[in-house]
Each structure stands twice: as structure tokens, then as C-alpha cells.
2 protein chains.
Amino acid sequence: MTLRPTTADGPFDIALIATRDPAECPIRDVLVHLGGKWSTLILLCLGSAAHRFGALRRAIPHISKRMLTETLRDLERDGFVSRHVFATKLPSVEYRITDLGHSFLDPLHGVLICANGHHAEIRRARAGYDAKDSAQV
Amino acid sequence: MTLRPTTADGPFDIALIATRDPAECPIRDVLVHLGGKWSTLILLCLGSAAHRFGALRRAIPHISKRMLTETLRDLERDGFVSRHVFATKLPSVEYRITDLGHSFLDPLHGVLICANGHHAEIRRARAGYDAKDSAQV
DNA sequence: CAGGATCCAGAAAGATACTG
DNA sequence: CAGTATCTTTCTGGATCCTG
């Protein structure tokens, strides 16, 4: 199976989807991490400026310390962000986006523009679907 | 807080992140669904051609019937794909991408290109991180 | 301040069996 | 063929308390 993406952006073979080992498939191996509830949010935040832990918490409402720590570790592990500890009196840690992380910023931003632009449409679709659904039951 | 994305793609306010109600935030409301393990895979598959249920299963290894059904329902609910039932002898159902879904194809594709291009780098970063990690323990 | 450790309810997801 | 139903296991994420 060789699918051709509608965008003629180059020879990108979606047959990668069908890779036997999920770990070899960039779609699954990379996107699953980016797809996490918070990764994109954090990456975008750090894309605009370096943030300290507390600043990130304030910038991203509703995130718990636990999830912030965990997601930052994951992003660090994947090489998207770097961690810089300052041995000040009270510990302070700054997170920065790396070059690798930065290279994802534009593509991600494109998705966001799209999500933002079609948000109303999506919510309308949902409302319609749910209305039909509850009517039949 | 008004963050400016590094891409000067237009006036996209990342302060949307800080929206009080998560449901109002396109980033969370849309991306959380797209971030699911399978949504992107399915959307890309359907972007290349309409598929029937069974064909999708074959195109996307490792997905269970249950997850495929569920993810398709979600995508249908959000208006990304449409469902067409043919009353043939044995039921056959075809899934197609909608215009709305199609508008996400290019941005998503951009992310994939990026993920694909940097996959090796990411895996190296992981290996390095894990090596340091286990060395310290 | 930044985060580690622990507990725990609920969501997500796999396996299997059944149906029109 | 295209699901649905059910059971079970795994994962997620929030709350809370603790430390250097």
C-alpha cells in the first residue's frame, strides 16, 4: 500500500503507518508523545521564552505539579527541551526549548492555527452529532 | 501574558492557553482528540482514499476493532470523517474524510514530515538520556 | 522553589466472545 | 462485514505530604 498524501509536499510515504514495529513508526513513536495533554502547550510556551518551573505553572492553568514535572521530563528525554539548574539560595530551574524542539514549533503552530480557525465548526459538528444521537435513543 | 510565537505566521495569541475554561481553548479542545493514539493515523489514511472498516484495520496494524470503532466515532462526531452505509447483503460501511477533516491534512502532514525527519535524532536523545539516567542510579 | 514519593479513583485500552 | 458487549489490565492524573 502506497498512499499519497493530498499535499504534494514531497515524497512522504504513509506506508510508514504500516510498519510492523510501532517503535519504528515515526507517527506513533513521536506523535504519541506530542499528543499528550500537555506537551504541546508546554512546548509552545517555551517556544516563546524560557520559563522557570513556577512560571510554567502559572502560564498553564489546571496543570498539576506532578504532570508538569512528568511532561517536562519526557520532553527533556526526547531532546525537545533542556533543563538548567541555578544553584541559587532557593533552587531555581529554567527550561528552554532546544533546536530540535524548535524545529517542531512551526508545524505545530500550523495545526494550532487550523484548530483555532475551525474550532466553532467542530463544536457545531459535535452538537449536531449529539443531538441526533440522543434523538434516536 | 501575551506570548509571541517564533513563527511570525500571523497574530496567533498563545494566551489562549491561559483560558480559564479548558473547553474554550482550541489547543486543548481540539488537540486532545487529535493527539489520541490513532486519530492521526486514521485521518491520514482516509485523506489518501476512502476506506471501508476492514480496509482500515488492515491499513493500520495493531489497532483493535474496538479502538477503530471508537476513534472513528469520535472523528465522525467532530466532523472530520463521514460514514456511509451500503445496504449490501453483508453490511459494508465506508468512511470518508470531510472538508473539515481535509483542512487538517496539510498541517498534520507538516508535523509528520518533521517527526519523520528528526526521528533518529529523537531516538538518540532518548538513548543518551536513559544512559545517563541508569548510570546515576 | 522545585520536585520526589505515595495513594487512589477513574479513564483508556486489549482480549475475547457474540450478533444482525 | 461491521460492529457490540463484557471483562480485565494498564495507564492517567489529581491530591496530599515530604525534602534539600
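Here the structure is a predicted model, which means the values were calculated and not measured.

Turning next to the overall build of chain A. When you go through chain A residue by residue, the secondary structure sums to seven helices and three strands. Across chain A, helices and strands are ordered from the amino to the carboxyl terminus as α-α-β-α-α-β-β-α-α-α. Looking at chain A as a whole, 43% of its 137 residues are labelled buried. Here chain A displays about 7,000 Å² of accessible surface, and carbon together with sulfur accounts for 53% of that area.

To continue, consider the protein's contact with DNA strand D. Among the 17 residues in the neighbourhood of DNA strand D, the closest are listed as A:Pro91, B:Gly54, B:Lys65, B:Arg83 and B:Tyr95. Taken together, the sugar and phosphate atoms account for 62% of what DNA strand D places within 4 Å of the protein. Taking B:Pro91, its main chain carries an N or O atom lying 3.4 Å from a sugar or linking oxygen of DNA strand D. The set of elements that each furnish at least two residues to the surface near DNA strand D consists of helix 4 (65–77) of chain A together with helix 3 (53–59), helix 4 (65–77) and strand 3 (92–97) of chain B. When residues of the surface near DNA strand D are assigned to their parent elements, the largest contribution, four residues, is made by helix 4 of chain B. Across the surface near DNA strand D, the residue classes break down as six nonpolar, four polar and seven charged.

Before going further, it helps to examine helix 5 (residues 99–117) of chain B. The terminal C-alpha atoms of helix 5 of chain B lie 28 Å apart, and with 19 residues this matches the ideal 27 Å at 1.5 Å per residue to within 8%. All of the buried residues in helix 5 of chain B are B:Leu100, B:Gly101, B:Phe104, B:Leu105, B:Pro107, B:Leu108, B:His109, B:Val111, B:Leu112, B:Cys114 and B:Ala115.

Residues and elements named next belong to chain A. What surrounds DNA strand C is a group of 17 residues, the closest being Phe53, Gly54, Lys65, Arg73 and Arg83. Counted by atom, the contact set of DNA strand C within 4 Å of the protein is 65% sugar and phosphate. At 2.9 Å from a phosphate oxygen of DNA strand C is found a main-chain nitrogen or oxygen belonging to Gly54. For the surface near DNA strand C, the element with the highest residue contribution is helix 4, accounting for four residues. The class makeup of the residues in the surface near DNA strand C is six nonpolar, four polar and seven charged.

Applying the stated criterion to the full structure yields zero disulfides over all chains. Left without a disulfide partner, A:Cys114 is nearest to the cysteine sulfur of B:Cys25, which lies 15 Å away. Cysteine B:Cys45 remains unbridged, with the sulfur of A:Cys25 as its closest cysteine sulfur at 11 Å. Relative accessible area serves as the criterion here: at 0%, B:Cys45 is assigned to the buried category.

With that out of the way, let us pick up the UniProt feature "domain: HTH hxlR-type" (unreviewed entry) in chain A. The residues that UniProt annotates with the feature "domain: HTH hxlR-type" (unreviewed entry) are residues 25–123 of chain A. Helix makes up 63% of residues 25–123 of chain A and strand 14%, with an end-to-end C-alpha separation of 31 Å.

What follows deals with the packing of helix 2 (residues 39–48) of chain A against helix 6 (residues 105–117) of chain A. Residues and elements named next belong to chain A. For the pair helix 2 and helix 6, interaxial distance at closest approach is 11 Å and the crossing angle is 120°. As far as their axial angle goes, helix 6 and helix 2 are oblique. Along this stretch, helix 2 crosses helix 6, giving a crossing that reads as left-handed. Touching Thr40, Leu43, Leu44 and Gly47 of helix 2 are Leu105, Leu108 and Leu112, all from helix 6. Considering only residue class, the contact of helix 2 with helix 6 consists of five nonpolar, two polar and no charged.

Residue and element names in this part refer to chain B. Spatial strand order, 1-3-2: three strands in an open sheet with antiparallel pairing. Looking at the sheet topology across the chains shown, the edges are occupied by strand 1 (51–52) and strand 2 (81–86). Inspection of the sheet shows strand 2 paired to strand 3 by six bridges, in the antiparallel sense. When the bridges of strand 3 are listed, His84 appears paired with Glu94. Against the sheet, helix 2 (residues 39–48) contacts strand 1, strand 2 and strand 3, and its axis sits at roughly 95° relative to strand 3.

Cut-offs applied
Residues numbered from 1 in each chain as written. Chains lettered and ligands numbered in written order. Predicted model: local features only at pLDDT ≥ 70, side-chain atom pairs only at ≥ 80, totals over all residues. Heavy atoms only, no water. Helix = DSSP H or I, 4+ residues; strand = E, 2+ residues; numbered from the N terminus. Buried < 20%, exposed > 50% of the residue type's maximum accessible area, 1.4 Å probe, protein only. Areas by Shrake-Rupley, 256 points an atom, 1.4 Å probe, with all protein chains shown as cover. Near = heavy atom within 4 Å. Polar contact = N/O pair within 3.5 Å; in protein donor to acceptor, adjacent residues only side chain to side chain. Nonpolar A, V, L, I, M, F, W, Y, C, P; charged D, E, K, R; others polar. Expected span 1.5 Å × (residues − 1). Disulfide = S-S within 2.5 Å. UniProt positions renumbered as here; feature names shortened; annotations may be inferred. Axes fitted to C-alpha atoms, helices over the stretch in contact; angles between N-to-C directions. Parallel < 35°, antiparallel > 145°, perpendicular 65-115°, else oblique. Left-handed = near helix turned anticlockwise from the far one by under 90°. Contact = heavy atoms within 4.5 Å. Pairing = 2+ DSSP bridges.

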